[in-house]
Amino acid sequence: MIDKDYLLELITEEQILRMLERFGAVPFGAIKDKEIWFQTICHSGNSHKLCYFRESKSFYCYTNCGQMSLFNFAMKVKNCTFPEAITFVANEIGISNRYGFNTMYISSNQELMKIDRYIQIRRHAKKEIKQLPKIETNILNYFEDDVFYTGWINEGISIKTMKEFGIHWYELQKHIIIPHTNVNGELVGIRRRSLQEKDAKNKYMPEIIQGVTYAHSLNLNLYGLDIHLNGIKKSKKVLIVESEKSVMLAQDYYGEDTFVVATCGFNISNWQRDMLLSLGVEEVILGYDKDFDVLEFEDYDPDSEEYKKYERFVNRIYSLAHKFTSYCRTYVLWDNLGLLQKKDSPFDRGKEVLETLMKNKIEINTEREEENTY
Ligand SMILES: [Zn+2]
């Protein structure tokens with residue numbers, strides 16, 4: 001199959017806009033520096049709340065669908081599978097499975113690109129990577145700074161840590177307010193964890209205050225990077241997790257030695273990779289949530305739908321790990337011992353469980369060696 005990262009690098013904005021036009025969506029309002037707005041054709045909606053982020057080439061639908069890669073977006077509009085979406089996008093830019101690059105050509109080409117990028121990153125290690133623009137912090141005065149959700153306290157996140165991360169409380173909406181800051185500690189976005197029943201399916205979303213959405217491109221930031229910067233630089237290691245909560249738990253476990261950041265989704269962008277590599281990171285560990293139980297699928301029917309979902313999850317973890325394998329030592333935390341519950345993060349069952357998982361972490365090598373392992 002054609003490599004999605006390669007396609008994403010290759011496709012131009014013009015090609016994406018042309019594709020959207022054919023889907024029936026034209027830019028709504030002015031084309032801004034960082035974003036372009038469209039009608040929410042992702043779910044056949046009529047509002048103009050579909051945002052295209054120009055730098056990361058990704059989408060965010062504020063009405064219904066949330067964050068989407070170009071391919072997730074194509075899946076929604078075309079109502080097709082992920083591989084079909086990749087083929088579709090590839091065809092859009094004139095690469096076909098039959099006549100285009102074959103797999104070998106892609107991977108060798110990709111290898112070259114990786115080496116090229118490696119040299120680039122090392123050479124520009126000290127060069128500053130573009131940061132999201134800051135927003136005024138006085139917006140946080142809107143919320144209580146001394147009310148903390150007992151659910152989080154019971155899960156092990158201390159009030160001290162919540163204060164350090166600037167957690168606030170929005171009484172009117174029953175929201176936990178989670179300020180997102182860039183590497184310099186400047187406020188760049190505000191997310192909320194809703195405790196309302198109606199938001200059970202959308203617990204974590206950008207906060208909206210008096211009609212203004214405090215959203216930022218999650219792909220252009222890493223949660224906790226400012227606070228854990230020293231720990232990362234000192235250890236030359238980073239542990240990447242899915243949620244803000246895991247970053248805060250890590251802070252409670254390890255204090256100033258912590259080297260944990262969150263991508264706030266099941267994704268790692270090129271910006272996030274480059275940012276971490278520019279800090280001199282030599283070891284990357286992926287600690288994503290346990291969406292599937294590895295043990296449960298040992299004797300499972302490989303043709304079943306459920307097994308295929310599990311397989312997609314495993315492949316996704318590997319493809320995220322492969323973002324780093326050419327640059328540094330890369331590991332994945334797999335719960336082979338059944339220490340976590342389903343949906344848990346590696347931080348959710350205490351420090352001892354985390355450390356057992358760390359001891360048993362699995363090294364991921366370059367793609368070809370890895371192909372033989374499953
Ligand atoms: Zn949508």
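See the structure above.
Remember, predicted model here, so these are calculated numbers, not experimental data.

Student: Could you give me a rundown of the coordination of the zinc ion, with the residues and numbers involved?
Tutor: The coordination sphere of the zinc ion contains the protein donors Cys42 (SG), His43 (ND1), Cys61 (SG) and Cys65 (SG), at a distance range of 2.1 to 2.4 Å. Bound by four donor atoms, the zinc ion shows angles of 105 to 114° at the metal and therefore tetrahedral coordination geometry. Taken in sequence order, the residues that donate to the zinc ion follow the motif C-H-x17-C-x3-C. Note on His43: relative accessible area 26%, which makes it partly exposed.

Student: Help me get a handle on the pairing of strand S7 (residues 187-194), residues and values and all.
Tutor: On any regular strand, side chains alternate: one points to one face of the sheet, the next to the other face. Burial within S7 is extensive, with eight of its eight residues counted as buried. Bridge analysis of S7 against strand S8 (residues 204-206) gives three bridges, and the strand direction is antiparallel. Bridging across to S8, Arg192 finds its partner in Met205.

Student: Help me get a handle on the sheet that holds strand S4 (residues 66-68), residues and values and all.
Tutor: Pairing is antiparallel in the open sheet, where four strands are placed in the order S1-S2-S3-S4. Every other strand in the sheet has two partners, leaving strand S1 (35-38) and S4 as the edge strands with one partner each. Ignoring strand direction, the axes of neighbouring strands in this sheet form an average angle of 20°. Note: strand S3 (residues 58-61) against S4, three bridges, orientation antiparallel. Directly across from Cys61, in S4, lies its bridge partner Gly66.

Student: With reference to specific residues and values, describe the nonpolar core.
Tutor: Residues Ile167, Leu225 and Ile240 are the most contacted members of the largest nonpolar core, which totals 67 residues. With eight residues, helix H11 (residues 305-321) is the single largest residue contributor to this core. When residues are assigned to domains, this core turns out to be shared by domain 2 (137-216) and domain 3 (225-371), each giving three or more. Each residue touching Ile167, except ones within four places of it in the same chain, is listed here: Phe148, Trp152, Met162, Ile176, Ile177, Ile178, Pro179, Tyr223 and Met248. Ranked by size, the runner-up nonpolar core spans 29 residues in total, among them Leu7, Met19, Cys42 and Met68.

Student: If you had to explain helix H10 (residues 270-278) to someone new, which residues and values would you point to?
Tutor: A large share of H10 lies buried, amounting to eight of its nine residues. What H10 keeps buried is the set Trp271, Gln272, Arg273, Asp274, Met275, Leu276, Leu277 and Ser278. Gly280 sits one or two residues past H10 and shows a positive phi near 85°.

Student: Help me get a handle on H11, residues and values and all.
Tutor: If you check H11, its first and last C-alpha atoms are 25 Å apart, about what 17 residues at 1.5 Å a residue would give, namely 24 Å. If you check which residues of H11 are buried, you get Tyr307, Tyr310, Phe313, Val314, Ile317, Tyr318, Leu320 and Ala321. All buried residues of H11 fall inside an arc of 170° around its axis, so they share one side.

Student: How would you summarise the pattern of salt bridges if you had to cite specific residues and measurements?
Tutor: If charged atoms from side chains of opposite charge come close, those side chains can pair. This structure, assessed with the given rule, holds 20 salt bridges. Lys290 is the partner of Asp293 in a salt bridge, and the nearest nitrogen-oxygen pair spans 3.8 Å. Accessibility expressed as a relative area gives 18% for Asp293, which makes it buried. Between Lys309 and Glu306 there is a salt bridge, with its nearest N and O atoms 3.6 Å apart. With Lys309 and Glu306 both in helix H11, this residue pair falls three residues apart, about one helical turn. Overall, the relative accessible area of 39% leaves Lys309 in the partly exposed class.

Student: Now, about the packing of aromatic side chains: what can you tell me, with residues and values included?
Tutor: A complete count under the given rule lists 23 aromatic pairs for this structure. Consider the rings of Phe292 and Tyr310, whose centres lie 6.2 Å apart with planes at 65°: the pair is edge-to-face. Of this pair, Phe292 sits in the loop between strand S13 (283-287) and H11 while Tyr310 sits in helix H11, placing them 18 residues apart in sequence. Since its relative accessible area comes to 12%, Tyr310 is described here as buried. For the cation-ring pair, Arg316 lies above Phe266, with the distance from its terminal atom to the ring centre recorded as 5.6 Å. It is Lys361 that lies over the ring of Tyr331; its NZ or CZ is 4.7 Å from the centre.

Student: Lay out the sheet that holds strand S6 (residues 175-181) with the relevant residues and their values.
Tutor: Taken in spatial order, the four strands line up as S5-S6-S7-S8 in an open sheet, and their pairing is antiparallel. Each edge of the open sheet is held by one strand with a lone partner, namely strand S5 (168-170) and S8. When strand polarity is set aside, the average angle formed by the axes of neighbouring strands in this sheet is 35°. Bridge analysis of S6 against S7 gives seven bridges, and the strand direction is antiparallel. The partner of Ile177 across the bridge, within S7, is Arg192.

Student: Got a sec to walk through the packing of helix H2 (residues 13-23) against helix H3 (residues 70-78)? Specific residues and values, please.
Tutor: Direction vectors running N to C along H2 and H3 enclose 15°, while the axes themselves pass 12 Å from each other. Considering the angle they form, H2 stands roughly parallel to H3. As H2 packs across H3, the resulting crossing turns out to be left-handed. In this structure, H2 contributes Ile16, Met19, Leu20 and Phe23 to the contact, and H3 contributes Leu70, Phe73, Val77 and Lys78.

About the cut-offs
Residues numbered from 1 in each chain as written. Predicted model: local features only at pLDDT ≥ 70, side-chain atom pairs only at ≥ 80, totals over all residues. Heavy atoms only, no water. Donors = N, O, S within 2.8 Å, 3.2 Å for Na, K, Ca; no water. Tetrahedral: all angles 85-135°; square planar, octahedral: opposite > 155°, others 65-115°. Buried < 20%, exposed > 50% of the residue type's maximum accessible area, 1.4 Å probe, protein only. Helix = DSSP H or I, 4+ residues; strand = E, 2+ residues; numbered from the N terminus. Pairing = 2+ DSSP bridges. Axes fitted to C-alpha atoms, helices over the stretch in contact; angles between N-to-C directions. Core = buried A, V, L, I, M, F, W, Y, C linked by side-chain atoms within 4.5 Å. Domains from an automatic or database assignment. Contact = heavy atoms within 4.5 Å. Expected span 1.5 Å × (residues − 1). Arc of directions from axis to C-beta. Salt bridge = Lys/Arg side-chain N within 4 Å of Asp/Glu carboxyl O. Phe/Tyr/Trp six-rings, centres within 6.5 Å; stacked < 30°, edge-to-face > 60°. Lys NZ or Arg CZ within 6 Å of the ring centre and 35° of its normal. Parallel < 35°, antiparallel > 145°, perpendicular 65-115°, else oblique. Left-handed = near helix turned anticlockwise from the far one by under 90°.

This is a description of form; function is not addressed.
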